[in-house]
Structure formats: C-alpha cells, structure tokens
Amino acid sequence: MSDPDISVVICVYTEDRWEDILAAVSSVRAQSYPALETLLVVDHNPALLERLTTQYERAAHVRVLANAGPRGLSAGRNTGIASSLGEVIAFLDDDAVAERDWLLRFAEGYADPLVMAVGGRTLPVWASGRRPRWFPEEFDWVVGCTYRGLPPGRVRVRNVLGGNASFRRTAFDAAGGFATGIGRDGDRRPLGCEETELCIRLTRARPDAVLLIDDRAVIHHRVPRAREHFGYFRTRAYAEGLSKALVARSVGAADGLESERRYAARVLPAGIARGLRDALLARPGGAGRAAAIVTGVLTAAGGYVVGSLRARRGEPAFAVAGTGADLVPRTDGRRHD
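Residues numbered from 1 in each chain as written. Predicted model: local features only at pLDDT ≥ 70, side-chain atom pairs only at ≥ 80, totals over all residues. Heavy atoms only, no water.

A.B. asks: Would you explain the overall build of the protein chain in this entry?
C.D. replies: In terms of helices and strands, the protein chain carries 10 helices and 11 strands. Counting every position in the protein chain, which comprises 337 residues, the buried fraction comes to 53%. Taking the intrachain contacts of the protein chain between residues at least 6 apart in sequence as the baseline, contacts between residues at least 24 apart amount to 80%. (Helix = DSSP H or I, 4+ residues; strand = E, 2+ residues; numbered from the N terminus. Buried < 20%, exposed > 50% of the residue type's maximum accessible area, 1.4 Å probe, protein only. Contact = heavy atoms within 4.5 Å.)

Right under this line is the structure:
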C-alpha cells in the first residue's frame, strides 16, 4: 500500500476536556500528511454530542457521532472503525496533540504490506510544568505515555499503545475489534490493555503480521495535576494488574505477559538501581523513584491476583467485537454524516 487514506478517530466523553478536544482536532487538521477524515466519537454524553456537532457542522472532513455500543473507550473505538472510510484507522487521545508529521510516519510504515499496525511515541505534558521528582520514567505508562525500556527508532513490537496508534482496516477484518469490558469506562477505575489484547489476537489470526512503533510519530499527552500524585500512581498500577488478568484470560498468560516478564526482569531492576545510585549521590528524587518502582510492581501484582480470582468466577463481563462492519450496529453500509 502506498499513500494510504487515513481516518483519525478521537473518542471523547466529557465537556471538561473541551479545550483539549479542540486542540486535538486542530493538530490532526494541521498534519503534513492530511487525514482523510477526523471522527469524534462521543461516549453517551448528549450535551457534548450536541455541542461538538454545532462546533464542527461546517468543518470539512470532521464528523461527530455517538458511540453506538456500550459505554467505554473500546466500544467508542469500534464505532469509529465501523464508521470510518480510510484504509488505515489512527487513534488519538482526546487530551493529546499530534506533531505535524505524525500521520506521515504512520503512512511510511505501511509501505510494507505485512505491517498491520504502527504506533508512535507519547510524551507527557505535566500540568505542574515538570515531572514529579519521585515519578520514574519506567512507569510513564501510568499516565498514558511511552515509558523507559521501549526500544528507540522504528522497531517491531508485540503491541502498540492505544492513544497513539494506527491499524490497517484489514487488521480488524481478521481479528475483530476492541474487546469491551477491559478498557476505560468514563471516570471509573482506570483500566487499560485493550490494545494489548487486540494486538495479540491479531498476530494469532495473522501470524505473518508485523506491528511497529516508530518513535518519530510523536504526540504530546496532557497529564492533569490529579495524576501527578502518588495516590493515582497506585490506583493506576492496581488497575493495570486487573487489566493484565483480563488479557491473560483472553489470550493466555504466556502471550499476555511475555513483554511484562522482560520488563520486570530487566527494565525495573535497572530503574531501582539508578534510583538508589542517585540517592547515594544525594540527587533529588532518587530514593523516591526506587520506592515508587517497588510499590508499583507490588501493587500491579496485587491487582493481577485479584483480577485472576475474579476471572475464575466469570466476572467481569468480557466480549470481543465482531469484524468489519459488524463491529457496531449499522443501519446501512454508507457513510454517516
């Protein structure tokens, strides 16, 4: 595929992020490689749906639509996939802005017909103006960003990260859509890993599939003050453990935890060592970073145990969306404006 048409899906749910949403859309419309369309999928919020519809009613190549599935990020993404027209579907968080060549880097990756997904690098924008001294870069996934330990450049990976990612449409034809019951659901507990589960399912359906991360495809993700606190760090780490248990239930622990084992065995011990070294050298935050890594690991492990026990009892509900146009209910096969 050369010069693929790319649809961009931005899932939104709250008017509290109004300015962030507008900035995200503006960054897509300013791309050096123009998007075919931008789809704003509103998650069961009629007031926000009406406000965005009015905002973009005269904007070319921007469509606003309601989540046609159950509440949550996964169903919103599935709605966007089913309603989009592009050969490639890209996803951008509603509180992030993309650099000008973001889509260009994605498009370049699809020159290889075996490439089914391309992700990018997500950098944090701290509300306080700087990273908290105790916050380890190895845990930047806690705030939805690229974490220390991922390899640089354009590299093959097990899974892309959902807030800065793209997939060929044929990937969803082969593997189905995002699983509901596993990812974010409005302001509830910050679960995740829906993109991990999808990517593993994709490579099982298409063993020849190649998934890439290109660290030149950059977005900047806003981190609100509430997420700069240690309480959120622990809550998110616990939720990640719950999410990993769901992934393991879906695809098996061998595949579901393969990357996590390497991360825990190599990246985290090195991070603890750096923190302790900085503490010995009287550098600010060293001991706090080391302690945060240990706490994060133990908290995530606790969440995984609890999640595994719940999974054995058959809870929570977990469902994989269908393929192609069956991802969400449709009234016809045409574009919805």
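Moving on from the coordinates now.
A.B. asks: I tried to follow the packing of aromatic side chains on my own but got confused; where do I start?
C.D. replies: Under the definition given, this model contains 16 aromatic pairs. Measuring from centroid to centroid gives 6.3 Å for phenylalanine 91 and phenylalanine 167, while their planes differ by 70 degrees, and the two rings are edge-to-face. Placement of the pair is phenylalanine 91 in strand β4 (residues 88-92) and phenylalanine 167 in strand β8 (residues 164-168), with a sequence separation of 76 residues. A relative accessible area of 2% means that phenylalanine 167 is categorised as buried. A centroid spacing of 5.5 Å and a plane angle of 90 degrees characterise the contact between phenylalanine 91 and phenylalanine 178, whose relative ring orientation is edge-to-face. Of this pair, phenylalanine 91 sits in strand β4 while phenylalanine 178 sits in the loop between α5 (169-175) and β9 (179-180), and the two are 87 residues apart along the sequence. Taken individually, phenylalanine 91 and phenylalanine 178 each receive the classification buried, so the pair is uniform in this respect. Taken together through their ring pairs, the aromatic side chains of Trp126, Trp134, Phe135, Phe139, Trp141, Tyr147, Phe230, Phe233 and Tyr263 make up a single cluster. The ring of tryptophan 18 carries the charged tip of arginine 51 above its face, separated from the ring centre by 3.8 Å. Arginine 77 extends its terminal NZ or CZ atom over the ring of phenylalanine 178, reaching a point 5.1 Å from the ring centre. (Phe/Tyr/Trp six-rings, centres within 6.5 Å; stacked < 30°, edge-to-face > 60°. Lys NZ or Arg CZ within 6 Å of the ring centre and 35° of its normal.)

A.B. asks: Would you mind going over the packing of helix α9 (residues 258-280) against helix α10 (residues 286-312) with me for this structure?
C.D. replies: Two quantities define a packed helix pair, namely the angle between the helix axes and the distance between the axes. It is the contact of α9 with α10, at a shortest axis distance of 6 Å, that shows an interaxial angle of 155 degrees. Classified by the angle between their axes, α9 and α10 sit roughly antiparallel to one another. By crossing handedness, the relation of α9 to α10 is classed as left-handed. Note on element contacts: α10 touches α9 through Gly286, Ala287, Arg289, Ala290, Ile293, Val294 and Val297, opposite Leu268, Gly271, Ile272, Gly275, Leu276, Asp278 and Ala279. Residue composition of the contact of α9 with α10, by class: 9 nonpolar, 3 polar and 2 charged. (Axes fitted to C-alpha atoms, helices over the stretch in contact; angles between N-to-C directions. Parallel < 35°, antiparallel > 145°, perpendicular 65-115°, else oblique. Left-handed = near helix turned anticlockwise from the far one by under 90°. Nonpolar A, V, L, I, M, F, W, Y, C, P; charged D, E, K, R; others polar.)

A.B. asks: Sorry, what's going on with the nonpolar core here?
C.D. replies: As a rule of thumb, nonpolar side chains are buried together in soluble globular proteins. Residues Val8, Ile10, Leu40, Leu52, Leu92, Trp102 and Leu103 are the most contacted members of the largest nonpolar core, which totals 35 residues. With 6 residues, the top contributor of residues to this core is helix α1 (residues 18-29). Beyond its immediate sequence surroundings of up to four residues, leucine 52 is in contact with Val12, Trp18, Ile21, Leu40, Val42 and Val64. With 26 residues, the next largest nonpolar core counts Val157, Phe167, Ala171 and Leu198 among its residues. (Core = buried A, V, L, I, M, F, W, Y, C linked by side-chain atoms within 4.5 Å.)

A.B. asks: How should the confidence of the model for the protein chain be read in this particular structure?
C.D. replies: Detail in the predicted coordinates should be disregarded across regions flagged by low pLDDT. Mean pLDDT over the protein chain works out to 89, with 87% of the residues at or above the 70 mark. Considering only residues more than four positions removed or in separate chains, one finds that residues 329-337, a stretch of pLDDT under 50, has 10 contacts. (pLDDT = per-residue confidence, 0-100.)

A.B. asks: What am I meant to see in the pattern of salt bridges here?
C.D. replies: Two side chains carrying opposite charge are able to pair once their charged atoms lie near each other. In this structure the tally under the stated criterion is 23 salt bridges. Ionic pairing is found between arginine 148 and glutamate 137, a salt bridge with its closest N-O pair at 3.8 Å. Pair noted here: arginine 148 is in the loop between β6 (115-126) and β7 (154-156) and glutamate 137 is in the loop between β6 and β7, with a separation of 11 residues, a long-range link. A residue is classified by how much of its surface remains accessible, and glutamate 137, at 37% relative accessible area, is partly exposed. One salt bridge connects arginine 154 with aspartate 214, and the closest N-O pair in it is separated by 3.4 Å. Of the two residues, arginine 154 sits in strand β7 while aspartate 214 sits in strand β10 (residues 210-223), which places them 60 residues apart along the sequence. The structure contains a network of salt bridges with shared partners spanning Arg105, Glu108, Arg154, Asp214 and Arg216. (Salt bridge = Lys/Arg side-chain N within 4 Å of Asp/Glu carboxyl O.)

A.B. asks: Please explain α9 as it appears in this structure.
C.D. replies: In an α-helix, one turn spans 3.6 residues; hence positions three or four apart end up facing the same way. Between its terminal C-alpha atoms α9 stretches 33 Å, which fits the 33 Å expected from 23 residues at 1.5 Å a residue. Its maximal kink placed at alanine 264, α9 deviates by approximately 35 degrees. Taken from the residues just after α9, alanine 282 is the one with a positive phi, measuring 65 degrees. (Expected span 1.5 Å × (residues − 1). Bend = angle between axes of the 7 residues up to and from the residue.)

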